[in-house]
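Coordinate analysis (summary)
In case you want the letters, here they are:
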Amino acid sequence: MRILGIETSCDETGIAIYDEEQGIMAHRLYSQIAVHADYGGVVPELASRDHVRKTIPLIKEALAEAGLTPDDLDGVAYTAGPGLVGALLVGCSIGRSLAYGWDLPAVPVHHMEGHLLAPMLEDEAPEFPFVALLVSGGHTMLVRVDGIGKYQLLGESVDDAAGEAFDKTAKLLGLDYPGGPVLAKMAEAGTPGRFKFPRPMTNKPGLDFSFSGLKTAAAVTIRAEDESAQTKADIAYAFQDAVIDTLAIKCRRALEQCGLNRLVIAGGVSANTALREKLALVMKKLNGEVFYPRPEFCTDNGAMIAYAGMQRLKSGVTTDLTFKANPRWSLDSLPPV
Ligand code: KG4
Ligand code: ZN
């Protein structure tokens with residue numbers, strides 16, 4: 001079986017074709033960073049308009065890259081939520097329409113299930129059960145995963161998502177949107193120990209996160225200090241260190257609580273090298289293993305939507321001619337496969 005995947009939930013148009021036997025046959029990604037850079041963040045209306053321009057051409061390119069025609073497909077999967085409603089509607093209506101025109105089943109996919117299952121596209125894929133840390137621009141979640149669709153939410157952010165905190169702090173440091181990866185690069189030149197920020201919500205039990213206070217602590221320091229490149233790097237280092245340490249403490253706690261020793265990290269922030277190194281160390285100490293997608297499949301992409309769509313298609317999840325974008329779709333409401 002072979003499926004087309006369409007991702008348009010935020011500021012990336014991602015298209016991929018996944019084949020059950022051959023894996024990813026083609027994937028195309030267009031990032032809208034340049035469109036939103038002048039505004040310091042994603043402008044929803046501009047995002048929707050750009051998805052309208054890019055989705056169909058990228059689908060054509062992906063089919064050409066794979067040497068396929070629509071006749072060679074068995075389904076069309078698209079991100080139906082969560083995300084920006086206008087952006088989602090583009091992928092939903094194009095995906096649903098193509099499925100109708102090509103006489104194929106249409107498969108709505110949950111964006112975070114896509115992230116969660118992205119490590120399954122790697123040679124070293126995790127076995128169930130495992131604990132997943134999902135860290136993106138919109139979400140920070142710890143999930144116990146017992147199988148596809150068997151998700152138990154263990155904890156989540158009560159305010160900013162980890163990626164959002166990265167982006168906001170980067171903006172305060174004068175970095176362009178999206179600042180997460182740029183702040184991470186800057187932190188490489190930072191001096192460990194010059195600044196120390198809090199590890200929010202680690203002193204009390206529980207698996208929820210809060211990152212807005214940490215962002216404020218960084219803001220106060222940025223205002224009080226000089227603007228030299230070294231000081232900025234030192235602040236970036238301390239901020240990243242606090243986020244990573246907090247995530248690592250909660251991952252360890254979640255694994256202990258579940259009695260598991262397999263950890264999956266996914267979502268944009270899982271591309272962060274320092275986070276990967278830290279969690280590798282933690283898992284080594286626990287005699288466990290950590291799994292993540294290749295960097296290009298950490299951030300938004302069509303491959304993860306095609307993969308998740310295939311699992312849902314095989315379990316019989318398709319929609320009729322009505323479709324719904326669901327900007328606030330909760331992960332643990334998904335049916336098990
Ligand atoms: O998963 P994603 O592409 O989009 C959402 O679903 O939100 O995640 C994007 C987020 C942004 O906040 C971005 O700054 C962050 O992931 N990010 C990073 C890194 N790469 C992307 N944050 C820290 N370090 C990175 N290397
Ligand atoms: Zn995402």
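Description of the structure in this document.

**Some thoughts on the environment of leucine 175**
Along the chain, the position of leucine 175 falls in the loop between α5 (162-172) and α6 (180-187). Taking the C-alpha atoms as reference points, leucine 175 and glycine 40, separated by 135 residues in sequence, lie 9.1 Å from one another. If sequence neighbours within four positions are ignored, leucine 175 has contacts with Ala170, Val182, Leu183 and Met186.

**As for the site of ligand 1**
Surveying the vicinity of ligand 1 reveals 18 residues, the closest of which are Gly137, Asp167, Gly268, Asn272 and Asp300. Histidine 115 has a polar side-chain atom sitting 3.1 Å from an oxygen atom of ligand 1. Residue glycine 137 places a main-chain N or O atom 2.8 Å away from an oxygen atom belonging to ligand 1. Listed by contribution, the elements that provide at least two residues to the shell around ligand 1 are α4 (111-117), α5 and α6. For the shell around ligand 1, a count of residues per class yields 5 nonpolar, 11 polar and 2 charged. Two domains each provide a minimum of three residues to the shell around ligand 1, namely domain 1 (2-116 + 297-333) and domain 2 (128-292).

**Describing the side chain of threonine 55**
By secondary structure assignment, the location of threonine 55 is in helix α2 (residues 44-66). With relative accessibility at 0%, the residue threonine 55 sits in the buried group. In contact with threonine 55, other than residues within four places in its own chain, are Ile6, Thr8, Thr13, Ile15, Val90 and Ile94.

**Remarks on the packing of helix α8 (residues 229-258) against helix α9 (residues 273-285)**
Contact geometry of α8 with α9 gives a least axis separation of 10 Å together with a crossing angle of 35°. The two elements α8 and α9 cross, and the hand of that crossing is right-handed. When α8 is examined against α9, the residues Gln240, Ile244, Asp245, Leu247, Ala248, Cys251, Arg252 and Leu255 are found in contact with a partner set consisting of Ala274, Leu275, Lys278, Leu279, Val282 and Met283.

**Regarding the sheet that holds strand β6 (residues 130-135)**
Whether parallel or antiparallel, the strands of a sheet pair through hydrogen bonds between backbone atoms. Read across the open sheet, the 5 strands follow the order β8-β7-β6-β9-β10; overall the sheet is mixed. Bordering the open sheet on either side are β8 (150-156) and β10 (289-291), each of which pairs with just one other strand. Averaged over all adjacent pairs, the angle separating strand axes in this sheet is 25°, with direction ignored. As paired elements, strand β7 (residues 140-147) and β8 share 6 bridges and run antiparallel to each other.

**A few points about the pairing of strand β5 (residues 106-110)**
Working note: regular strand, side chains alternate between the two faces of the sheet. Across the 5 residues of β5, 5 count as buried, placing the element largely inside the fold. Residues of β5 alternate between two faces, with Ala106, Pro108 and His110 on one and Val107 and Val109 on the opposite face, all of them buried. Across 5 bridges, strand β4 (residues 75-81) lies against β5 in parallel orientation. Bridged to valine 76 within β5 is alanine 106.

**As for the coordination of the zinc ion (ligand 2)**
Only His111 (NE2), His115 (NE2) and Asp300 (OD) from the protein coordinate the zinc ion (ligand 2), and they sit 2.0 to 2.1 Å from it. In this structure, the zinc ion (ligand 2) is coordinated by 4 donor atoms arranged in irregular fashion, with angles at the metal of 94 to 141°. All donors of the zinc ion (ligand 2) belong to a single chain; written as a sequence motif, their spacing is H-x3-H-x184-D. Remark: aspartate 300 occurs in the loop between β10 and α10 (302-314) and histidine 111 occurs in helix α4; sequence separation between them is 189 residues. For aspartate 300, a relative accessible area of 11% gives the class buried.

**Here we look at the nonpolar core**
For soluble globular proteins, nonpolar side chains are generally found buried alongside one another. By size, the foremost hydrophobic cluster in this structure holds 60 residues, and its most contacted members are Leu4, Ile17, Leu134, Tyr151 and Leu331. The element contributing the most residues to this core is α10, with 8 residues. Taken domain by domain, the makeup of this core includes at least three residues from each of domain 1 (2-116 + 297-333) and domain 2 (128-292). With near-sequence residues (within four places) excluded, isoleucine 17 lies in contact with Arg2, Ile3, Leu4, Gly23, Ile24, Met25, Ala26, Ala62, Leu63, Ala66, Leu68 and Leu73. Membership of the second largest hydrophobic core comes to 42 residues, among which are Val131, Phe197, Leu207 and Phe239.

**Focus: a nonpolar patch on the surface**
Taken together, the side chains of Val85, Leu89 and Phe323 make up a nonpolar region of the molecular surface, amounting to roughly 230 Å² of accessible area. For valine 85, the location among the structural elements is in helix α3 (residues 85-101). The partly exposed category is assigned to valine 85, whose relative accessible area is 44%.

Calculation notes
Residues numbered from 1 in each chain as written. Chains lettered and ligands numbered in written order. Predicted model: local features only at pLDDT ≥ 70, side-chain atom pairs only at ≥ 80, totals over all residues. Heavy atoms only, no water. Helix = DSSP H or I, 4+ residues; strand = E, 2+ residues; numbered from the N terminus. Contact = heavy atoms within 4.5 Å. Near = heavy atom within 4 Å. Polar contact = N/O pair within 3.5 Å; in protein donor to acceptor, adjacent residues only side chain to side chain. Nonpolar A, V, L, I, M, F, W, Y, C, P; charged D, E, K, R; others polar. Domains from an automatic or database assignment. Buried < 20%, exposed > 50% of the residue type's maximum accessible area, 1.4 Å probe, protein only. Axes fitted to C-alpha atoms, helices over the stretch in contact; angles between N-to-C directions. Left-handed = near helix turned anticlockwise from the far one by under 90°. Pairing = 2+ DSSP bridges. Donors = N, O, S within 2.8 Å, 3.2 Å for Na, K, Ca; no water. Tetrahedral: all angles 85-135°; square planar, octahedral: opposite > 155°, others 65-115°. Core = buried A, V, L, I, M, F, W, Y, C linked by side-chain atoms within 4.5 Å. Patch = residues over 30% accessible without salt bridge, like charges linked within 9 Å, V, L, I, M, F, W, Y side chains within 5 Å. Areas by Shrake-Rupley, 256 points an atom, 1.4 Å probe, with all protein chains shown as cover. Salt bridge = Lys/Arg side-chain N within 4 Å of Asp/Glu carboxyl O.

Structural measurements only, silent on function.
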